[in-house]
Amino acid sequence: SSSASSSSSAERQVVAPGDRLGATTALVAGIGAYELEGGVYAALLGVREEVDGDDGRKIVSVRRKQKVVVLPKIGDQVMCQVTRINSRMAHVAIISVQGQLLGREEEHFPGLIRARDVRAFDIDDVKVQHAFRPGDIVMAEVISLGDARSYYLSTAKNELGVILARSAAGHTMVPISWQQMQCPVTKVKELRKVAKIDVKSSSSSSSKQ
Amino acid sequence: MRRREDGRGLEECRKPLICTKVVAQALGSSYVELGTTKIVCSVYGPKPNLDEFKQEGEIVYNYRRAPFALANRGKTGDQDNTVLDEKLAAEALDQALSLSVAIGKFPKSSFTVNVLVLESGPGELPLAIMAASVACCDGGIELYDMMSACTVCSVLGELIVDPTAEELQLSTFQLMLAYMTNRKEVAYLQSTGESTTTELKQAIQLGTHACGKCTEVIEECLTKSWQAEQ
């Protein structure tokens, strides 16, 4: 089977698991493909796609249109909800991976943000209760597959941290700095590790940086 | 060429009917029919596997018959011993399909494959293997290859493929095999009865050839299912 043409979608080659895509001399297995004994084969039912790789070979992958089996990998950006906290870590439930929602509650993967991974500086003096509270929605990054019970996550980068939190009074809070959020009704300020949302790319007229 | 009672040649297997996406809330699903045997398979997951840390995924197979599936709808004790035990069937599914699933791509997760037999019959287990393979593909689980399966048996010295219930009753040797056509690998083999080595080798050859035909049907079904998505 020759390589697909680059233009019309009607000519894109549909492959099924087990179909041979080519030899490893010319191709590297990408997403949805695997290598075995000098050949590259499809592992999914989908459309064959090729991009140029680094070493002169093309990276071939198989793309499905519909919902893909999504699992957190190291480096993925995940959205999670804090389930409980203690002095050393925050337990979270991962609800979305790279923008793709994990539907059912039973499919939510447990995660862990350790005190040392909350921020990038002063990591010995982190107080977890000043960074997260149960119920907060947090953007984090997967740093390790962790152990049986949880993935290990980090919010050290500026753009990671709390993106949605409710005040003690129950209202959605407004971020006022990287470590404070304020309840719009009671005006009480609460401490959180707030995610820095890029002002240019967001549509809301939020505070000056 | 000798013809069997239903008009088929000795080495001819029936073409199964295969469809996908029959269970809306499942990750992937399939419905297969071969003769009167009907099976629905649904796949759920990935669920976090919290019991132990595993770099590979885990698949749990459930094999159940509907209460109306068997011709003899009596209590368990009344069933004759040719009826396949559900737990053994689940184990056979596990052994066969685990060779085709790329579990290395799913760390710390588990998938559940539920096979539900709506109407039982000869060729039930091979059909279940095909149903599960198609359902996993439909669900987007990475597979090394699609798996087909069939039964070969020996009646009065002649080898016949995909036997009917009557032919099975008369047979002295039965061989069930699961085969990955593109990879040219036999994934699972189960034989009962007496045979010579030559007969066994020939049966395996016939079986893999018949599985190749079934794979063609599976590929047709997958292509149709892909086009329906567009």
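Residues numbered from 1 in each chain as written. Chains lettered and ligands numbered in written order. Predicted model: local features only at pLDDT ≥ 70, side-chain atom pairs only at ≥ 80, totals over all residues. Heavy atoms only, no water.

Peer 1: Can you walk me through unusual backbone geometry in this structure?
Peer 2: With the exception of glycine, the majority of residues adopt a negative phi angle, and the majority of peptide bonds are in the trans configuration. Cis geometry marks the peptide bond from B:Gly45 to B:Pro46; its omega dihedral reads -5°. Among the structural elements, B:Pro46 can be located in strand β3 (residues 37-48). Even without being glycine, A:Gln98 reaches a positive phi, approximately 50°. Mapped onto the elements, A:Gln98 comes out in the loop between β9 (89-97) and β10 (100-101). For B:Lys184, which is not glycine, the phi dihedral falls at a positive 55°. The topology assignment puts B:Lys184 in the loop between β8 (173-180) and β9 (185-193). (Helix = DSSP H or I, 4+ residues; strand = E, 2+ residues; numbered from the N terminus.)

Peer 1: Explain the sheet that holds strand β4 (residues 33-36) of chain A here, please?
Peer 2: Adjacent strands of a sheet pair through backbone hydrogen bonds, lying either parallel or antiparallel. Residue and element names in this part refer to chain A. Pairing is antiparallel across the open sheet formed by three strands, whose spatial order is β2-β5-β4. The open sheet has two free edges, formed respectively by β2 (20-23) and β4, since each of these has just one partner strand. Across the sheet, the mean angle separating the axes of adjacent strands is 25° when strand polarity is ignored. Both β2 and strand β5 (residues 39-42) contribute to a ladder of three bridges, which runs antiparallel. Along β5, the bridge assignment pairs Ala-23 with Gly-39. (Pairing = 2+ DSSP bridges. Axes fitted to C-alpha atoms, helices over the stretch in contact; angles between N-to-C directions.)

Peer 1: Hey, could you run me through the interface of chain B and chain A in this one?
Peer 2: A common measure of how large an interface is: the accessible area buried when the components associate. Counting residues at the interface gives 38 residues for chain B and 36 residues for chain A. For the chain B and chain A pair, buried surface summed over both sides reaches about 3000 Å², with 60% attributable to carbon and sulfur atoms. Area buried by chain B at its contact with chain A is led by B:Leu50, B:Lys108 and B:Trp226, which between them contribute 22% of it. For the pair chain B and chain A, the interface holds zero salt bridges. (Contact = heavy atoms within 4.5 Å. Buried area = accessible area lost by both parts, 1.4 Å probe. Salt bridge = Lys/Arg side-chain N within 4 Å of Asp/Glu carboxyl O.)

Peer 1: Looking at this structure, I do not really get the sheet that holds β8(B). What am I missing?
Peer 2: All names here are of chain B. If you trace the four strands from one edge of the open sheet to the other, you get β7-β6-β8-β9, paired in antiparallel fashion. On the outer flanks of this sheet lie β7 (158-161) and β9, each paired with one strand and no other. Adjacent strand axes in the sheet meet at a mean angle of 20°, parallel and antiparallel pairs treated alike. Pairing geometry for strand β6 (residues 147-155) and β8, over eight bridges, is antiparallel. Paired with Cys-150 across the two strands is Leu-177, which belongs to β8.

Peer 1: Explain the confidence of the model for chain A to me, please; I cannot follow it from the model alone.
Peer 2: Detailed conclusions should not be drawn from predicted coordinates in areas where pLDDT is low. All names here are of chain A. Here chain A averages 86 in pLDDT, while 89% of its residues score no lower than 70. Mean pLDDT per element in chain A: β10 is the minimum at 82, and strand β12 (residues 137-144) is the maximum at 96. Contacts for the low-pLDDT stretch residues 1-10, under 50 throughout, to residues beyond four places or in other chains number eight contacts. Low pLDDT (under 50) marks residues 203-209, which in the prediction has four contacts with non-local residues, meaning those over four places away or in another chain. (pLDDT = per-residue confidence, 0-100.)

Peer 1: I tried to follow the packing of aromatic side chains on my own but got confused; where do I start?
Peer 2: Two measures describe an aromatic ring pair: the distance that separates the ring centres and the angle between the ring planes. Under the counting rule described, the total for this entry stands at five aromatic pairs over all chains. When the centroid spacing of 5.6 Å and the interplanar angle of 25° are considered together, the rings of A:Tyr34 and A:Tyr41 count as stacked. Both rings, one in B:Phe106 and one in B:Phe111, keep their centres 5.2 Å apart while their planes meet at 80°; by these two values the pair is edge-to-face. With respect to burial, B:Phe106 and B:Phe111 carry one shared label: buried. (Phe/Tyr/Trp six-rings, centres within 6.5 Å; stacked < 30°, edge-to-face > 60°. Buried < 20%, exposed > 50% of the residue type's maximum accessible area, 1.4 Å probe, protein only.)

Peer 1: When you look at the environment of A:His130 in this model, what are you seeing that I'm missing?
Peer 2: All names here are of chain A. By secondary structure assignment, the location of His-130 is in the loop between β11 (109-114) and β12. Considered as a pair, His-130 and Leu-191 are 61 residues apart in the sequence and their alpha carbons are 4.9 Å apart. Excluding residues within four positions of it along the chain, His-130 makes contact with Leu-191, Arg-192 and Lys-193.

Peer 1: Just to check I follow, could you spell out the pairing of strand β6 (residues 46-52) of chain A for this structure?
Peer 2: The side chains of a regular strand alternate between the sheet's two faces. All names here are of chain A. Across two bridges, strand β1 (residues 14-15) lies against β6 in antiparallel orientation. Bridge pairing links Val-15 to Gly-46 in β6. Bridge count for β6 against strand β7 (residues 58-63) is six bridges, and the pairing is antiparallel. For Val-47, the partnering residue across the bridge sits in β7 and is Arg-63. Counted along the chain from β6 to the antiparallel partner β7, the turn is five residues long, and its residue Gly-56 has a positive phi close to 90°.

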